[in-house]
Protein chains: 2
Amino acid sequence: MTKTITLSQGNGGEENNELIKKIFFEHFGNPTLLKCEDSAIIGSMAVTTDSFTVKPIFFNGGDIGKLAVCGTCNDLAMMGARPKYLTCSFIIEEGFSVESLEKIVLSMKKELCINGAQIITGDTKVVPKNALDGIFINTTGIGEVEMQNISSNSISTDDLIIVSGDIGRHGACIFAQREGIDIKSALQSDCASLWLVVEELIKNDIKITAMRDATRGGLSAVLNEWAKQSNICIEVEEKAVPISKEVQGICELLGFEAYNLANEGTFALAVKKEDAQKALEILKKFEICKNAQIIAKVSNEYSQKVVLNNEWGSKRFLDMPTGELLPRIC
Amino acid sequence: MTKTITLSQGNGGEENNELIKKIFFEHFGNPTLLKCEDSAIIGSMAVTTDSFTVKPIFFNGGDIGKLAVCGTCNDLAMMGARPKYLTCSFIIEEGFSVESLEKIVLSMKKELCINGAQIITGDTKVVPKNALDGIFINTTGIGEVEMQNISSNSISTDDLIIVSGDIGRHGACIFAQREGIDIKSALQSDCASLWLVVEELIKNDIKITAMRDATRGGLSAVLNEWAKQSNICIEVEEKAVPISKEVQGICELLGFEAYNLANEGTFALAVKKEDAQKALEILKKFEICKNAQIIAKVSNEYSQKVVLNNEWGSKRFLDMPTGELLPRIC
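Residues numbered from 1 in each chain as written. Chains lettered and ligands numbered in written order. Predicted model: local features only at pLDDT ≥ 70, side-chain atom pairs only at ≥ 80, totals over all residues. Heavy atoms only, no water.

The partner chain A presents 72 residues to the 72 residues of chain B that form the contact. Buried area between chain B and chain A, summed over both chains or domains, comes out near 6100 Å², and the portion from carbon and sulfur atoms is 69%. Among the residues of chain B in contact with chain A, Ile5, His27 and Phe28 of chain B are the three that bury the most area, contributing 12% of the side total. There are 4 salt bridges connecting chain B and chain A. (Contact = heavy atoms within 4.5 Å. Buried area = accessible area lost by both parts, 1.4 Å probe. Salt bridge = Lys/Arg side-chain N within 4 Å of Asp/Glu carboxyl O.)

All names here are of chain A. In this chain, Lys55 is followed by Pro56 through a cis amide linkage whose omega measures 0 degrees. Turning to its location among the elements, Pro56 is positioned in the loop between strand 2 (45-52) and strand 3 (58-59). Phi at Gln304 is positive, roughly 55 degrees, even though this residue is not glycine. Looking at Gln304, the relative accessible area reads 33%, which means it is partly exposed. With phi around 55 degrees, Arg328 is a residue other than glycine that occupies positive phi space. Within the fold, Arg328 resides in the segment after strand 14 (315-317). The class of Arg328 is buried, set by a relative accessible area of 7%. (Helix = DSSP H or I, 4+ residues; strand = E, 2+ residues; numbered from the N terminus. Buried < 20%, exposed > 50% of the residue type's maximum accessible area, 1.4 Å probe, protein only.)

Moving on, we get to helix 7 (residues 218-229) of chain A. Residue and element names in this part refer to chain A. Compared with the 16 Å implied by 1.5 Å per residue over 12 residues, the 17 Å span of helix 7 between its first and last C-alpha is a close match. Judged by how many residues are buried, helix 7 sits mostly within the fold: 10 of 12 residues are covered. Among the residues of helix 7, Gly218, Leu219, Ser220, Ala221, Val222, Leu223, Asn224, Glu225, Trp226 and Ala227 are the ones counted as buried. Positive phi shows up at Asn231, right after helix 7, with a value of about 50 degrees. (Expected span 1.5 Å × (residues − 1).)

Residues and elements named next belong to chain B. In spatial order, the strands read 9-11-8-12-10-13-14; together these 7 strands make up an open sheet with mixed pairing. Of all strands in the sheet, those bounded by a partner on one side alone are strand 9 (208-213) and strand 14 (315-317). Between one strand and the next, the sheet's axes are offset by a mean angle of 25 degrees, whatever the strand orientation. Sheet topology places strand 9 next to strand 11 (residues 267-272); 5 bridges connect them, and they run antiparallel. When the bridges of strand 11 are listed, Arg212 appears paired with Ala268. (Pairing = 2+ DSSP bridges. Axes fitted to C-alpha atoms, helices over the stretch in contact; angles between N-to-C directions.)

Let's shift gears to helix 8 (residues 245-254) of chain B. All names here are of chain B. Among the residues of helix 8, those classed as buried are Val247, Ile250 and Cys251. The arc that holds every buried residue of helix 8, seen down its axis, measures 100 degrees, which confines them to one face. The exposed residues of helix 8 that point more than 90 degrees off its buried face are Lys245, Glu252 and Leu253. Phi for Gly255, located one or two positions after helix 8, is positive at around 75 degrees. (Arc of directions from axis to C-beta.)

This next bit is on the pattern of salt bridges. Residue and element names in this part refer to chain A. In this structure the tally under the stated criterion is 40 salt bridges over all chains. Notably, a salt bridge pairs Glu274 with Lys207, separated by 3.6 Å at the nearest N-O pair. Taken together, the residues span a long stretch of sequence, with Glu274 in the loop between strand 11 (267-272) and helix 9 (276-284) and Lys207 in the loop between helix 6 (195-203) and strand 9 (208-213) at a distance of 67 residues. Here Lys207 falls in the partly exposed class, since its relative accessible area comes to 41%. Linked by salt bridges that have partners in common, Glu37, Asp38, Arg212 and Glu225 make up one network.

With that settled, the discussion passes to the domain arrangement of chain A. It is common to give the size of an interface as the accessible area lost on bringing the parts into contact. Residue and element names in this part refer to chain A. Partitioning chain A into domains gives domain 1 (36-145) and domain 2 (159-317). Relative to domain 2, the C-alpha centre of domain 1 lies at a distance of 23 Å. Interface of domain 1 and domain 2: buried area, both sides summed, is about 2000 Å²; carbon and sulfur atoms make up 54% of it. Contact with domain 2 buries area across many residues of domain 1, yet Asn60, Asn74 and Met78 alone supply 31% of it, more than any other trio. For the pair domain 1 and domain 2, the number of links is 3 salt bridges. Connecting domain 1 to domain 2 are 12 residue pairs in polar contact (both at pLDDT 80 or more). Elements with a minimum of two residues in the side of domain 1 that touches domain 2: strand 3, helix 3 (64-77), strand 5 (81-93) and helix 4 (98-115). The element best represented in the side of domain 1 that touches domain 2 is helix 3, accounting for 7 residues. Residues that form the side of domain 1 that touches domain 2 fall into these classes: 11 nonpolar, 6 polar and 7 charged. (Domains from an automatic or database assignment. Polar contact = N/O pair within 3.5 Å; in protein donor to acceptor, adjacent residues only side chain to side chain. Nonpolar A, V, L, I, M, F, W, Y, C, P; charged D, E, K, R; others polar.)

This model, assessed by the stated rule, comprises 9 aromatic pairs over all chains. On the basis of an interplanar angle of 15 degrees and a centroid distance of 4.6 Å, the ring pair of Phe24 of chain A and Phe90 of chain B is categorised as stacked. You can see Phe24 of chain A sitting in helix 1 (residues 14-28) and its partner Phe90 of chain B sitting in strand 5 (residues 81-93), one on each of two chains. When its relative accessible area of 6% is taken as the criterion, Phe24 of chain A is described as buried. When its relative accessible area of 1% is taken as the criterion, Phe90 of chain B is described as buried. Considering the side-chain rings of Tyr302 of chain B and Phe317 of chain B, the 5.0 Å spacing of their centres and the 85 degrees angle between planes classify their relative orientation as edge-to-face. Of this pair, Tyr302 of chain B sits in the loop between strand 12 (293-299) and strand 13 (305-309) while Phe317 of chain B is found in strand 14, placing the two residues 15 residues apart along the sequence. Among the residues examined, Phe317 of chain B registers a relative accessible area of 38% and is labelled partly exposed. Each residue in the set Phe24 and Phe28 of chain A together with Phe90 of chain B is aromatic and connected to the rest through ring pairs, giving one cluster. (Phe/Tyr/Trp six-rings, centres within 6.5 Å; stacked < 30°, edge-to-face > 60°.)

Strands pair in a sheet through their backbones, by hydrogen bonds, and they do so in one of two ways: parallel or antiparallel. Residues and elements named next belong to chain A. Pairing is mixed across the open sheet formed by 5 strands, whose spatial order is 1-2-7-5-6. Each edge of the open sheet carries a strand with a single partner, namely strand 1 (40-42) and strand 6 (118-127). Adjacent strand axes in the sheet meet at a mean angle of 15 degrees, parallel and antiparallel pairs treated alike. For strand 5 and strand 7 (residues 135-145), the ladder comprises 11 bridges, and the chain directions are antiparallel. Residue pairing in the sheet places Ile91 in a bridge with Phe136 of strand 7. Relative to the sheet, helix 3 contacts strand 2, strand 5 and strand 7, its axis offset from that of strand 2 by approximately 150 degrees.

See below:
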């Protein structure tokens, strides 16, 4: 490993995993931590934490406050847990606008309401100018598990993989805004709370094997982790993967893969084959999931690999993202 | 309130409380949050969160990692809760030394062990140079309440106030180091985990009315909040308050009040009169509490005030700290 921390160690991809394994798992290791996916599971309680450092703080489709509550509640939802209690810790740079802070707090309030969750405790630190750029928020979420045994380790050839919407919008949106690319309102972050969608899937007894919101590292990171953890091959039909024209445009302009771009309200599901169609129908009832698609099947064709099949019959591997990607994406 | 965030709004004193009330309580308000003291109480579960931004990161008597675990576990202990699960979120500046990170993680591990707690989930963000100075850590703690009904609202004239050790060491130490004052090893932060001490008090059936670790805002902030919340007057015998020569020296040099300086392993207790002596004996068994003293009685002499009686019979009010105090103290 490098001697100093690099941006790529926060990318949600390979270098990030290496840092976590070699430093944090090495010294903090315990069964709950090692089994932790989007949330840690303690009996019927799910717990997750995230720090948000996104820049710009206000972006098309949300702001750092909405992102914090969505991100944390979504991590609970992905483990089948109903978001209940959140803690909220602000680190604010001296000189930050109180009006902006209040706007952020109101975004959080709205999103908490959607999730039926509440802030139960918090912390505020103010640091001198230049000790921090703007504002960082940490939210820790506690949820009540309503569907047990959701796990990235259990995906098999009995499952199909669904994506809940068109991919890459959050990453493309933040990138475009940061680079000053004029994208008008057509390109919006997908930032949204997913619990109500998950709740509906659970209520309808959909046999969910695994769920994961495709944040840092994008859909590539999720599918590659699943392939590795469940020791399977995931075969993606490239033309089935929903990508908006706007995201495709940004990708072509800048040489990105939409698969690697972050999402903040789009998730991948592995569900039992017989339930896939029904799951899709449920998803499509929600505006935020109207572009949901079945995108992949599971095979043993290659060991722990993600394969992209294109419509002309050729294939390529989709690898775990590496390198810097986009810092301060969330 | 000001239009932009000021350093004084992170001081643990009056301006800090105003920000919390006008922005956070205003919009996030719910019974659990409004009743929250050092931790929020949900049934038999205590929850607390803190972000740590201390500078320097390594100081005499500890580092940001030790501080994070102590601070979070102490907030649980102060509500009579045994620290069990911690989440841990790092925000790290690109270029930060991996060796320093590992040193911080090892400090955390040691302190977790003292508390019998474990890290169950985490998050790592790496931000570009200049987006943050060094490293910030957020820890959220979940504990199991072993003594119910500890509350700052219930202190009465039946209580005596004890302080668990000599005050102001963390604040004085950070200040001295930051200003380059050569204090050798004589002045160390009091940074320490308090659960084992609290556990012993509980085991011995000490009737604890309230406990509070005297962090930002120091002993002044704790006693003033208690006076207000319990609608009492706290009469402190000035000569009974333990202050080390080193801290006294720094205070005289720089015009500080030791009462306002932060502590990170020193707490105030309100206990029933008949148990005060026994509590003191228990405290003194612990090296970190060897300087514990009974420092105050409760009266109705003035409404919601803290009075300092000096040994020559004169008195003055000890007010809630205001102004900038010391940013990045924890």
